Amino acid sequence: MQHCKILLTGSHGFIGSHYYKYLQQQKAHVAPYDKKIRGEDLADKNTTKLLPDYDVVVHLAATNGTKLFYEQPTDVLINNTLPTINLIERYRNTDTKFVFASTCEIFNGAIDAGYYHVPTDEQVPVVFNDIKNPRWSYSIPKALGENLVANSGLDYLIIRYFNVYGPGQVDHFINEFVERCKQGLYYIKGNDTRSFCYVDDAVKMTDMLVNTVNNKTINVGNDNEISISVVAKMIMGYMGINPDRLEILPGPVGSATRRCPDTTLVQTLTGFTDYTPLEVGLKKTVESLL
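How each quantity is defined
- Chains are numbered independently. Their residues run from 1 in the order of the written sequence.
- Local features in this predicted model are restricted to residues whose pLDDT is 70 or higher, and side-chain atom pairs enter the listing and the counts only when it is 80 or higher, whereas totals over whole chains, interfaces and linings include all residues.
- Hydrogens and water are ignored here; the side-chain numbers use all heavy atoms of the structure.
- Counting from the N terminus, the helices are DSSP H or I runs at least four residues long and the strands are E runs at least two residues long.
- Only protein chains enter the accessibility calculation, which uses a 1.4 Å probe. A residue is then buried if its area is under 20% of the maximum for its type, exposed if over 50%, and partly exposed in between.
- Pairing between two strands requires that DSSP report at least two bridges joining them.
- Fitting a line to C-alpha atoms yields each axis, with helices limited to the stretch in contact; the angle taken between N-to-C directions then spans 0 to 180 degrees.
- Here, residues are in contact when the closest pair of their heavy atoms is within 4.5 Å.

**Concerning unusual backbone geometry**
Omega for the bond connecting valine 118 with proline 119 falls within 30 degrees of zero, at 0 degrees, which places this linkage in the cis form. Here proline 119 lies in the loop between helix H6 (108-112) and helix H7 (136-150). Non-glycine residue lysine 27 carries a positive phi angle of around 60 degrees. Residue classification places lysine 27 among the exposed positions, given a relative accessible area of 72%. Not every positive phi belongs to a glycine, and asparagine 163 is a case in point at roughly 45 degrees. Note on placement: asparagine 163 falls in the loop between strand E5 (155-161) and strand E6 (164-165).

**A closer look at the sheet that holds strand E10 (residues 216-220)**
Strand order in the open sheet made by the six strands is E2-E1-E3-E4-E5-E10, with parallel pairing throughout. Two strands in the sheet have a free side with no partner beyond their single neighbour: strand E2 (29-33) and E10. Mean inter-strand twist for the sheet, computed between neighbouring axes without regard to direction, equals 20 degrees. Sheet topology note: the strand E4 (residues 97-103)/E5 ladder contains seven bridges and is parallel. Each residue of the ladder has a partner; that of phenylalanine 98, found in E5, is tyrosine 156. Contacting strand E1 (5-9), E2, strand E3 (56-59) and E5, helix H1 (residues 14-25) runs over the sheet at an angle of about 155 degrees to E1. Taken strand by strand, H7 contacts E4, E5 and E10, and its axis lies near 155 degrees from that of E4.

**A word on the environment of leucine 42**
Mapping leucine 42 onto the fold places it in the loop between helix H2 (35-38) and helix H3 (45-49). Taking relative accessible area as the criterion, leucine 42 reaches 6% and is therefore assigned buried. The spatial distance from the C-alpha of leucine 42 to the C-alpha of leucine 87 is 7.7 Å, given a sequence separation of 45 residues. Those residues within four positions of leucine 42 in sequence are excluded, and the remaining contacts are Thr9, Tyr33, Thr47, Thr48, Leu51, Leu82, Pro83, Asn86 and Leu87.

Okay, structure coming up:
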């Protein structure tokens, strides 16, 4: 697999840019594809029709960022649906392996309604408890993509990422909170729990899975569950701000109250257990933003 030809969509996005750098270091034969560098949109079928054959397509391209889900839901939904459809249409009658980046957002409803347990394994039911909530403009295309990919006839791998963080991330909690702190605004919205996975760890697990696993859906994340307020106070500490100044406001509708993956399957398949401690990864991330 190391000598195969890989198409990496979203190669200049957050996880994609880190994975692209990793693949280059591994001397992999990887073709980067990103609207930021090509100007060509995978939502246009005429673009995907012209793509050459590849042994593996790793489809990470997506419009992401919680703020955007609420502010631009129609654009988010369209941008995260059409590229997946077009790529599957292009490669479904080939020998290509299709790797699809999904999300833990698709089962928020199941967890919040108490239908399923935390830590959450891959058998969790996909639930949307209010189909009109604009937050689901991101996760509905991901759920659709899982179904599309799994039934395409291709060898596939579906990766459900759980709160990956690190340098270079935008429109997510850590970088947004750091920016607020710079402005003297020390608040968070809600005090849910999350399980943060440092991007280097996510990339290593991703590459191991891409190289060795077919036809499975797998959680990629860290099972260290922690309250957002604790993370916020850690950030404030790294920035030299008194953590007691933190204010907790009501959270947005639809935000998961708890989120933690069961990592049994990914650890069994990859043997990866060398997770970056939160205090190490968070400090690096905060320093990259200052």
